[in-house]
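A look at the structure
Read off the chains here:
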Amino acid sequence: MISISNLTKKFHNKTVFDNFSIDIEENKISCILGASGIGKSTLIKLLSGLDRHDSGEIEGMGNKEFSYIFQEPRLLPWLNVYDNVDFILKAVYSDKDERKRIILENLKLVDLESSANLFPDELSGGMMQRLSIARAFSYPAKILFMDEPFSGLDIKLKMSVMDSFRKIWAQSSKTVVFITHDIDEAVFLADKIYVLADSPARIVYEKDIKINIMKRSFNDDTTAPLKKELLKVISDN
Ligand SMILES: Nc1ncnc2c1ncn2[C@@H]1O[C@H](COP(=O)(O)OP(=O)(O)OP(=O)(O)O)[C@@H](O)[C@H]1O
């Protein structure tokens, strides 16, 4: 469990979190859903240690390594697909053959095995984001933070990239903290959804989704009531 308790974070005179608490389960996909500017990215930065909180406790991160997937893929343009992944693995695995096995296995899961020699400027937006997913999963980190990784993609690409994401996640046992403002994305991928609202931010709603992630479809009637509920919670707050 990753636990945040009684956390306070201020930027100058803006209090983003005041006495904020949340428990995040390990080996699951937890989704923080909320409007723009509410504090979602700040929360991930505090959890990952990229920013510091003013008071309160963050427990369960210890020295655990984490990887990040951002809204934009952040690839190295001078390296091909294979080497973009190899670049980050070199710091962890000295054995070239082991790196090769890990890289090819992960590229295969996101359907990029046959694109290993292409450079980022030869990839579509969806391919770039799939590569950033393969890179994040190749790195042996227990925790993955995702900051709106699908929001720059059109609906068709989004569905295909999210499908790649769930396949690759199902092979791992990573704890994922996923932030988004998109209800469809949250309902498609999350084991648990937290809705963040207000200023200072607080959790106004939380829900476990029991349907197996691999069995969900983007336009699934069984999740329609939940989507409606989330829409109401968001518009009421
Ligand atoms: N480094 C900073 N300095 C000053 N204010 C900041 C800083 N980072 C964030 N903020 C403020 O804190 C609040 C929360 O920002 P944050 O980026 O966490 O929101 P968000 O929910 O991730 O929004 P978005 O979905 O638009 O990325 C905003 O009001 C923002 O202006």
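Residues numbered from 1 in each chain as written. Predicted model: local features only at pLDDT ≥ 70, side-chain atom pairs only at ≥ 80, totals over all residues.

The chain appears in an unreviewed UniProt entry as NitT/TauT family transport system ATP-binding protein from Dethiosulfatibacter aminovorans DSM 17477.

Brief notes about the UniProt feature "domain: ABC transporter" (unreviewed entry) in the chain
Cut-off, in case you're wondering: UniProt positions are given in the numbering used here, feature names are shortened, and annotations may be inferred rather than shown by experiment. In this description a helix means any DSSP run of H or I spanning at least four residues, a strand means any run of E spanning at least two, and both kinds are numbered starting from the N terminus.
UniProt marks residues 2-223 with the feature "domain: ABC transporter" (unreviewed entry), using the numbering shown here. Note that residues 2-223 is 31% helix and 27% strand, and that its end C-alpha atoms are spaced 27 Å apart.

Some remarks on the confidence of the model for the chain
The cut-off we apply is this: Confidence per residue, as judged by the predictor, is encoded in pLDDT with a range of 0 to 100.
When pLDDT is averaged across the chain, the result is 90; 100% of the residues are at 70 or more. Confidence metrics for the complex model read pTM 0.89 and ipTM 0.95.

Overview of helix α5 (residues 155-170)
Our working rule: Here the expected span of a helix is defined as 1.5 Å times the quantity of residues minus one. For the exposure call, what matters is how many other C-beta atoms sit within 10 Å of a residue's own: 20 or more marks it buried, 12 or fewer exposed, and in between partly exposed, using C-beta atoms placed from the backbone. For this quantity, the arc is that covered by the directions from the helix axis to the C-beta atoms. Think of it this way: build a C-beta for each residue from its backbone, and any pair within 7 Å is a contact.
Taking 1.5 Å per residue as the helical rise, α5 with its 16 residues ought to reach 22 Å, and the 22 Å between its terminal C-alpha atoms agrees with that figure. Buried within α5 are the following residues: Lys 158, Val 161, Met 162, Phe 165 and Ile 168. End-on, the buried residues of α5 take up no more than an arc of 125 degrees, which puts them together on one face. Those residues of α5 that are exposed and angled more than 90 degrees off the buried face are Lys 156 and Ala 170. Its buried side turned inward, α5 meets α3 (96-109), α4 (125-138) and α6 (183-189).

Focus on the site of the ligand
What counts is decided by this rule: Residue proximity rests on one test: whether the C-beta atom, placed from the backbone, lies within 6 Å of the molecule or strand.
The full set of residues close to the ligand is Phe 11, Lys 14, Val 16, Gly 34, Ser 36, Gly 37, Ile 38, Gly 39, Lys 40, Ser 41, Thr 42 and His 181. Elements with a minimum of two residues in the shell around the ligand: β2 (14-24) and α1 (40-48). The leading source of residues in the shell around the ligand is α1, at 3 residues.

Some thoughts on α4
Across its 14 residues, α4 extends 20 Å between first and last C-alpha, which sits within 8% of the 20 Å expected from 1.5 Å per residue. Judged by how many residues are buried, α4 sits mostly within the fold: 13 of 14 residues are covered.

Remarks on the pairing of strand β6 (residues 143-147)
Heads up, the condition is: What makes two strands pair is DSSP finding at least two bridges between them.
Of all 5 residues that make up β6, 4 are buried, and the element is covered over most of its length. Pairing between strand β5 (residues 66-69) and β6: 4 bridges, direction parallel. Bridged to Phe 66 within β6 is Ile 143. As defined by bridge partners, β6 adjoins strand β7 (residues 175-180) across 5 bridges and the pair is classed as parallel. When the bridges of β7 are listed, Ile 143 appears paired with Thr 175.

Notes on the packing of helix α2 (residues 81-89) against α3
The angle between the axes and the distance between the axes are what describe a pair of packed helices. Our working definition: Axis definition: a line fit to C-alpha positions, over the contact stretch in the case of helices; interaxial angles, taken between N-to-C directions, run 0 to 180 degrees. Should an angle lie under 35 degrees it is considered roughly parallel, over 145 roughly antiparallel, and from 65 to 115 roughly perpendicular; all remaining angles are considered oblique. Here is the rule for handedness: rotate from the far helix to the near one, and if that takes an anticlockwise turn smaller than a right angle the crossing is left-handed, while a clockwise turn gives right-handed. In this count, Pro and Cys sit with the nonpolar residues alongside Ala, Val, Leu, Ile, Met, Phe, Trp and Tyr, while Asp, Glu, Lys and Arg are called charged and the others, Gly among them, polar.
Axis separation between α2 and α3 bottoms out at 10 Å; the angle between their running directions is 125 degrees. Put simply, α2 runs oblique to α3. Of the two elements, α2 crosses α3, and the hand of that crossing is right-handed. Between α2, through Val 81, Tyr 82, Val 85, Asp 86 and Leu 89, and α3, the contact on the second element is made entirely by Arg 99, Ile 102, Ile 103, Asn 106 and Leu 107. When its residues are assigned to classes, the contact of α2 with α3 shows 7 nonpolar, 1 polar and 2 charged.

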